[in-house]
Amino acid sequence: QIPRYTVTFLDWDDEVLSVEKVYRGDDAAVPQEPVRQGYSFNGWRWQEREILIYGTTVPSIRENATFKAQFEINTYTVRFLDINGELLDEQTVNWNEAATAPEAPEVEGYTFTGWSEYFDHVTCDIDVYPLYEQNDLELGIEEINHNSEIINHKFIKDGQLLIERNGKTYNALGAEVK
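A quick note: this is a predicted structure, and the numbers were derived from the prediction, not measured.

(A) Fine view of the overall build of the protein. Helices and strands together make up the secondary structure of the protein, namely zero helices and 18 strands. Looking at the 178 residues of the protein, the share that counts as buried comes to 28%. Intrachain contacts of the protein at a sequence separation of at least 6 include 39% that bridge at least 24 residues.

(B) A look at the nonpolar core. In terms of nonpolar packing, the biggest core is built from 15 residues, with Val 7, Phe 9, Trp 44, Val 58, Ile 61 and Phe 67 touching the most fellow members. Every element with two or more residues in this core is listed here: β1 (4-10), β4 (39-46) and β7 (65-73). It is β7 that contributes the most residues to this core, four residues altogether. Beyond its immediate chain neighbours, meaning those up to four positions away, Ile 61 contacts Tyr 5, Val 7, Val 22, Tyr 23, Arg 24, Gly 25, Asp 26 and Ala 28. Ranked by size, the runner-up nonpolar core spans 12 residues in total, among them Phe 80, Trp 115, Phe 119 and Val 122.

(C) Layout of the confidence of the model for the protein. Averaged over all residues, the pLDDT of the protein is 86; the fraction at 70 or higher stands at 76%. The low-confidence segment residues 139-144, where pLDDT is below 50, has 11 contacts with residues more than four positions distant or belonging to other chains.

(D) Seen up close, the sheet that holds β4. If you walk across this open sheet you meet the five strands as β2-β1-β7-β4-β5, and the pairing is mixed. In this open sheet, the two edge strands, each paired with only one partner strand, are β2 (16-23) and β5 (51-53). Averaged over all neighbouring strand pairs, the angle between strand axes comes to 30°, with direction disregarded. Pairing geometry for β1 and β7, over four bridges, is parallel. From the neighbouring strand, Leu 10 faces β7, where its bridge partner is Lys 68.

(E) Representation of the packing of aromatic side chains within the structure. Throughout the structure, instances matching the rule amount to 10 aromatic pairs. Ring geometry for Phe 9 and Trp 44: centres 5.1 Å apart, planes at 80°, overall edge-to-face. Of this pair, Phe 9 sits in strand β1 while Trp 44 sits in strand β4, and the two are 35 residues apart along the sequence. Here Phe 80 and Phe 119 contribute two aromatic rings whose centre-to-centre distance is 5.1 Å and whose plane-to-plane angle is 85°, an arrangement assigned as edge-to-face. One end of the pair, Phe 80, is in strand β8 (residues 75-81); the other, Phe 119, is in the loop between β10 (110-115) and β11 (126-128), and 39 residues separate them in sequence. Judged by relative accessible area, Phe 80 falls into the buried class, the value being 0%. An aromatic cluster of at least three residues, connected via ring pairs, comprises Phe 9, Phe 41, Trp 44, Trp 46, Phe 67 and Phe 71. Over the aromatic face of Tyr 23 sits the side chain of Arg 4, whose NZ or CZ is 5.1 Å from the ring centroid. Of note, Arg 36 hangs over the ring of Trp 12, and the distance from its end group to the ring centre comes to 3.6 Å.

(F) Representation of the sheet that holds β11 within the structure. Taken in spatial order, the three strands line up as β9-β8-β11 in an open sheet, and their pairing is mixed. Looking along the sheet, the strands with just one partner apiece sit at the ends: β9 (87-94) and β11. Across the sheet, the mean angle from the axis of one strand to that of its neighbour is 20°, orientation sign disregarded. Bridge count for β8 against β11 is three bridges, and the pairing is parallel. When the sheet's bridge partners are listed, Phe 80 is paired in β11 with Val 128.

(G) Quick look at the pattern of salt bridges. Scanning the model with the defined rule gives four salt bridges in all. One salt bridge connects Arg 45 with Glu 50, and the closest N-O pair in it is separated by 3.7 Å. What makes Arg 45 partly exposed here is its relative accessible area of 23%.

Rules and cut-offs
- Here the residue numbering is sequential within each chain, running from 1 through the sequence in written order.
- The predicted origin of the model limits local features to residues at a pLDDT of at least 70 and limits the giving and counting of side-chain atom pairs to 80 or more, whereas totals for whole chains, interfaces and linings rest on all residues.
- Calculated side-chain values reflect all of the structure's heavy atoms, with hydrogen atoms and water omitted.
- Strands are runs of DSSP state E lasting at least 2 residues, helices are runs of H or I lasting at least 4, and numbering of each runs from the N terminus.
- When a residue's accessible area, from a 1.4 Å probe over protein chains only, is under 20% of the maximum for its type it is buried; when over 50% it is exposed; and in between it is partly exposed.
- The contact definition used throughout considers only heavy atoms, calling two residues in contact when any of these lie within 4.5 Å.
- To qualify as a nonpolar core, a set must consist of buried Ala, Val, Leu, Ile, Met, Phe, Trp, Tyr and Cys residues joined through side-chain atoms within 4.5 Å.
- Known as pLDDT, the predictor's per-residue confidence is scaled from 0 to 100.
- When DSSP locates at least two bridges between a pair of strands, those strands are taken to pair.
- Where helices are involved, their axes are fitted lines through C-alpha atoms of the stretch in contact, as for all axes, and angles between N-to-C directions lie from 0 to 180°.
- The rule is short: rings of Phe, Tyr and Trp, with Trp giving its six-membered ring, pair when the centres are within 6.5 Å, and they are stacked under 30 degrees, edge-to-face over 60, tilted in between.
- In our convention, an over-ring charge means Lys NZ or Arg CZ found within 6 Å of a ring centre and within 35 degrees of that ring's normal.
- Throughout this description, the term salt bridge denotes a Lys or Arg side-chain nitrogen within 4 Å of a carboxyl oxygen of Asp or Glu.

So, in structure tokens, the structure goes:
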């Protein structure tokens, strides 16, 4: 009588994926590659022999054998760029882990307000840009004299100083705003 052996395939977390009884010398069928979020499949580790197996069969079974799915964590590139697209920093980050932001460059007349993308749980390659808000101009007076006329109102709109005079609105450079 020909002996039979048990061939077991386990997922990374020891979940049984398949069990097969194989006659001595026969091949064992390998199950479909399992999927693990954030990881890439990297073969089957033959537990008793500490070797990796690839392919669709394990040839010539001669003993009970257990194979465990092996995975490698995915890595992604996070690039931090300045407002001109120049590289500030580039990091390789494991799946679902955080990148570390560099110091945001100062931009005259603007205040740094944050970054364009979230990078605390990275799951793909990303480019991250600094975000800025224009600083308000403070004139410190309510009325401005210009060519002997009184300008009645000043205000900031869309980051631009606007002046209202005689029912018309002008920017700080003197152009009429419509």
